[in-house]
Amino acid sequence: MPTDIHWWQRGAIYQIYPRSFADSNGDGIGDLPGITAHLDHIRSLGVEALWLSPFYPSPMADFGYDVADYTDVDPIFGTLADFDRLLEEAHSRDVRVVVDWVPNHSSDQHPWFIESRSSRDNPKRDWYVWRDAARSGGPPNRWQSAFQAVGPAWTFDETTRQYYLNSFTPQQPDLNWDNPEVEAAMHDVLRFWLDRGVDGFRMDVTQKIAKDPELRDNEPGLRHDEDWQPTIHHRIRRIRAVIDEYDDRMVVGEVYLRDLRRVVAYLNTGDELNLAHNFVFVHLPWHAGEMRASVDEFERLAEGAAWPAWFLANHDHPRVASRFEDEPGTGARRARVAAMLTVAMRGTPFVYQGEELGLPDAEIPPSRVVDVDGRDPERAPIPWRRPSEAGPGAGFTSGEPWLPLVAEAERLCVESQEEDPDSTLNFVRRLLRLRAERATLQGGSQRSLDAGPRLFCFMREGDERLLVALNFTSREAPLDLREEQGGRAAVELSTHPGRALSVVDLRDLVLEADEGMILRLS
Ligand code: NOJ
Ligand code: CA
């Protein structure tokens, strides 16, 4: 069993969406001092690192993923001094800090783009992707924005009478990575934050930094607007080389491709990404067999090289407790099973803020909708305190929160869950502590076991043998193992508060509805 695993393999990485974490000054928007003030909460979870979604100066057309200055902090979030303080305070608690890096596009208010759009012969013209209209009029090709509401990925600019490419909103023009000056400038952004002491990066839309230079239309089975081969892999290698100029840092790519073979290609060579977010996994239905098949497929494709990363929620996808709820109550229970799944598997677990509370999505009335792509519900602010005592901002803010809070803030807030030993918060702490204490959960091998259609079961083996059994249905399910018949095992942890932590005979074990368990085999 490898004992020399890296910090980014050992334990969980906690994602913070700064706007919605904690507001320190009453303007209704979370900020860096708010995060610093709540680092003990993060420390209490037992995670290895936190990842901050963007806090850079931004007009907020895409809530920070439209960056107007890559090397500063938006005043709404604080100052560079606030960032340095957050970094120092996190490090003093043994929590590493990963920042978001958005290389595919900037804001249309970035000085580079303001120059680029000013004239056809501006020296920055070629820093973005400009083209004439198609011969028949209209956009240069049929590429579409990732956001359905936006439509074509091209915006006509009156000043110079050409179109520019925007893979997301028109306020997010795509940088031209075919221009070596752009690549060098973006490498310098990495060095700026590495010099400040960050431990790694989450790379936004990794797959889009190389596109067909001929801008051909997509064809069935072949996309020309992303994942362009082999250029993209050369570019990622050069990014990794910059990061490797520094000790013990990490880059996790958002590789939004729905084909595991292509995702693993960014990991297997060993000199590209350290980790990749797996969007095949995130889109799976709540089904034991499908989860198993996908996990096994990753393992097969990894050929012993790629290290997996597991997540089921982020700021772009409905929350687990809502997405997987099929009858009232199942969502909250499944949120715990989901946490156990991602934390107990071989690979790096990511926890999105609020998952430790089992938060569902918030209800967003039409008048409060702010996102172009329907992602407000999963971005609702964290309820820290009981609204009955702390007011309607639930300890997130003393002002008017920028998005409504979840309906059940009174019951689901951190304060209420602290006091209840059976809460999801305390369950997630136990789960992460188990991972932190057990080398087998960190670096041990993993293989799937046949255990009947309702369960996803796998064995982690290292200096001990741990069996993880997860019931993906809302009915009881006997542990129907083909092997380990009659073995005895100690229950280390269950998602169900009522389950006794005792020694059981595996032959007699029946999992309750929506229950997950970790057992140590004797
Ligand atoms: C992925 C980010 O997670 C999402 O929030 C954003 O809208 C797009 N990339 C564009 O930057
Ligand atoms: Ca604030």
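Right above here is the structure, for reference.
Residues numbered from 1 in each chain as written. Chains lettered and ligands numbered in written order. Predicted model: local features only at pLDDT ≥ 70, side-chain atom pairs only at ≥ 80, totals over all residues. Heavy atoms only, no water.

Engineer: Just checking my understanding: could you explain the overall build of the chain for this structure?
Structural biologist: Check the secondary structure of the chain and you find 17 helices and 19 strands. Computed over the C-alpha atoms, the radius of gyration of the chain is 23 Å, within 12% of the 24 Å expected from 2.2 N^0.38 for a compact globule of 522 residues. With respect to the principal axes defined by its C-alpha atoms, the chain has extents near 75 × 55 × 45 Å. Here the chain holds 522 residues, and the buried ones make up 61% of them. (Helix = DSSP H or I, 4+ residues; strand = E, 2+ residues; numbered from the N terminus. Rg over C-alpha atoms; globule rule 2.2 N^0.38 Å. Buried < 20%, exposed > 50% of the residue type's maximum accessible area, 1.4 Å probe, protein only.)

Engineer: Before we go on, may I ask you to explain the coordination of the calcium ion (ligand 2) in this structure?
Structural biologist: By definition of the ideal shapes, four donors in a tetrahedron about a metal sit 109.5 degrees apart, and six donors in an octahedron sit 90 or 180 degrees apart. Protein-derived ligands of the calcium ion (ligand 2) are D23 (OD), N25 (OD1), D27 (OD), I29 (O) and D31 (OD), with the metal-ligand distances lying across 2.3 to 2.4 Å. Counting the intervening residues between successive donors of the calcium ion (ligand 2) yields the motif D-x1-N-x1-D-x1-I-x1-D. Neither I29 nor D31 differs from the other in exposure class; each is buried. (Donors = N, O, S within 2.8 Å, 3.2 Å for Na, K, Ca; no water.)

Engineer: Could you clarify how one ought to interpret the pairing of strand β19 (residues 516-521) in this entry?
Structural biologist: For a regular strand, side-chain orientation follows a simple rule: the groups alternate between the two sheet faces. For β19, the buried fraction is high: five of the six residues fall into the buried class. Across five bridges, strand β14 (residues 465-471) lies against β19 in antiparallel orientation. What sits directly across from L467, in β19, is L519. Note: strand β16 (residues 488-494) against β19, five bridges, orientation antiparallel. (Pairing = 2+ DSSP bridges.)

Engineer: Could you clarify how one ought to interpret the site of ligand 1 in this entry?
Structural biologist: Taken together, 13 residues surround ligand 1, and among them D62, H105, D204, H315 and D316 come closest. Interatomic distance of 2.9 Å between a side-chain N/O atom of H105 and an oxygen atom of ligand 1. At 3.0 Å from an oxygen atom of ligand 1 is found a side-chain nitrogen or oxygen belonging to R375. Relative to its unbound accessible surface of 300 Å², ligand 1 loses 98% to contact with the protein. Residues of the shell around ligand 1, tallied by class, amount to four nonpolar, two polar and seven charged. (Near = heavy atom within 4 Å. Polar contact = N/O pair within 3.5 Å; in protein donor to acceptor, adjacent residues only side chain to side chain. Areas by Shrake-Rupley, 256 points an atom, 1.4 Å probe, with all protein chains shown as cover. Nonpolar A, V, L, I, M, F, W, Y, C, P; charged D, E, K, R; others polar.)

Engineer: Is there a simple way to explain the pattern of salt bridges in this structure?
Structural biologist: Overall, the coordinates contain 53 salt bridges when judged by the stated rule. The salt bridge involving D326 is made with R334; its shortest N-O contact spans 3.4 Å. Residue D326 is classed as exposed on the basis of its relative accessible area of 52%. E515 is the partner of R499 in a salt bridge, and the nearest nitrogen-oxygen pair spans 2.7 Å. Highlighted residues: R499 in the loop between β16 and β17 (503-505) and E515 in the loop between β18 (510-511) and β19, separated in sequence by 16 residues. Each member of the pair R499 and E515 is classed as buried. (Salt bridge = Lys/Arg side-chain N within 4 Å of Asp/Glu carboxyl O.)

Engineer: Help me out: how do you make sense of empty space enclosed by the protein in this one?
Structural biologist: A probe matching the size of a water molecule, rolled over the atoms, marks out where space remains unfilled. Tallied over the entire structure, the rule returns three cavities of 30 Å³ or more. Approximately 90 Å³ is the volume found for the largest cavity. Listed by contribution, the elements that provide at least two residues to the lining of the largest cavity are α12 (330-344) and β11 (348-352). The leading source of residues in the lining of the largest cavity is α12, at five residues. (1 Å grid on protein atoms, 1.4 Å probe; cavity = no way out; pocket = protein on both sides within 12 Å on 5 of 7 lines; lining within 4 Å. Points joined across faces, edges and corners; volume = space filled by probe spheres on them.)

Engineer: It is not clear to me how the environment of D31 should be interpreted in this structure. Could you clarify?
Structural biologist: With respect to the element layout, D31 can be found in the loop between β1 (13-16) and α2 (32-37). With residues near it in sequence (within four places) discarded, D31 still touches P18, A22, D23, S24, N25, I76 and F77. (Contact = heavy atoms within 4.5 Å.)

Engineer: Is there a simple way to think about the packing of aromatic side chains in this case?
Structural biologist: Remark: the centre distance and the inter-plane angle together describe each pair of aromatic rings, the angle taken between the planes. Scanning the model with the defined rule gives 26 aromatic pairs in all. Taken together, F55, Y56, F83, F192 and W193 form an aromatic cluster joined through their ring pairs. Above the face of the W130 ring, R125 is positioned so that its terminal group lies 3.7 Å from the ring centre. (Phe/Tyr/Trp six-rings, centres within 6.5 Å; stacked < 30°, edge-to-face > 60°. Lys NZ or Arg CZ within 6 Å of the ring centre and 35° of its normal.)

Engineer: Got a minute to help me understand helix α4 (residues 80-92) in this structure?
Structural biologist: Because an α-helix completes one turn every 3.6 residues, residues spaced three or four positions apart along the sequence face the same direction. For α4, which comprises 13 residues, the first-to-last C-alpha distance of 18 Å matches the rise-based estimate of 18 Å (1.5 Å per residue) to within 8%. Buried residues in α4 make contact with α2, α3 (39-45), β2 (49-52), β3 (96-101) and α6 (180-196). Directly beyond the C-terminal end of α4, a positive phi value near 60 degrees is found at D94. (Expected span 1.5 Å × (residues − 1).)

Engineer: Sorry if this is basic, but what is going on with the side chain of T348 here?
Structural biologist: Positionally, T348 belongs in strand β11. Judged by its relative accessible area of 0%, T348 falls in the buried class. Side-chain polar atoms of T348 contact the backbone oxygen of W8, separated by 2.6 Å. When residues no more than four places from it in sequence are discounted, the contact partners of T348 are W8, Q9, G11, I13, L275, W307, P308, A309, W310 and R435.

Engineer: It is not clear to me how α6 should be interpreted in this structure. Could you clarify?
Structural biologist: A rise of 1.5 Å per residue sets the reference length of α6, with its 17 residues, at 24 Å; its end C-alpha atoms lie 25 Å apart and thus fit the reference within 8%. Those residues of α6 that sit buried are V182, E183, A185, M186, H187, V189, L190, W193 and L194. Where α6 is buried, its residues contact α4, β3, α5 (111-116), β7 (200-203) and α7 (231-243). For α6, the N-terminal cap is N179; the gap from its side-chain oxygen to the backbone nitrogen of E181 is 2.8 Å. A positive phi of about 110 degrees marks G197, the residue just after α6.

Engineer: Help me out: how do you make sense of the sheet that holds strand β12 (residues 445-449) in this one?
Structural biologist: Within a sheet, neighbouring strands are paired by backbone hydrogen bonds and run either parallel or antiparallel to one another. Pairing in this open sheet of six strands is antiparallel, and the strands run β12-β13-β14-β19-β16-β17 from one edge to the other. Both edges of this open sheet fall to β12 and β17, since each of them pairs with a single strand only. The average undirected angle you get between the axes of adjacent strands in this sheet is 30 degrees. With respect to the sheet, helix α16 (residues 424-437) is in contact with β16 and β19, its orientation differing from that of β16 by roughly 130 degrees. (Axes fitted to C-alpha atoms, helices over the stretch in contact; angles between N-to-C directions.)

Engineer: Mind showing me how you'd approach the nonpolar core here?
Structural biologist: Generally speaking, soluble globular proteins have nonpolar side chains that are buried together. Residues L52, F55, F83, V99, F201, L341 and F456 are the most contacted members of the largest nonpolar core, which totals 141 residues. Broken down by element, this core gets its largest block of residues, eight residues, from α12. If sequence neighbours within four positions are ignored, V99 has contacts with L52, F55, Y56, F83, W193, V198, G200, F201 and R202. Ranked by size, the runner-up nonpolar core spans 19 residues in total, among them A451, L467, V491 and M517. (Core = buried A, V, L, I, M, F, W, Y, C linked by side-chain atoms within 4.5 Å.)

Engineer: Got a minute to help me understand the sheet that holds strand β5 (residues 154-157) in this structure?
Structural biologist: Spatial ordering of the open sheet is given by β4-β6-β5, a layout of three strands whose pairing is antiparallel. One side of each edge strand has no neighbouring strand; the edge strands of this open sheet are β4 (130-131) and β5. The pairing of β5 with strand β6 (residues 162-165) spans four bridges and is antiparallel. Directly across from W154, in β6, lies its bridge partner L165.

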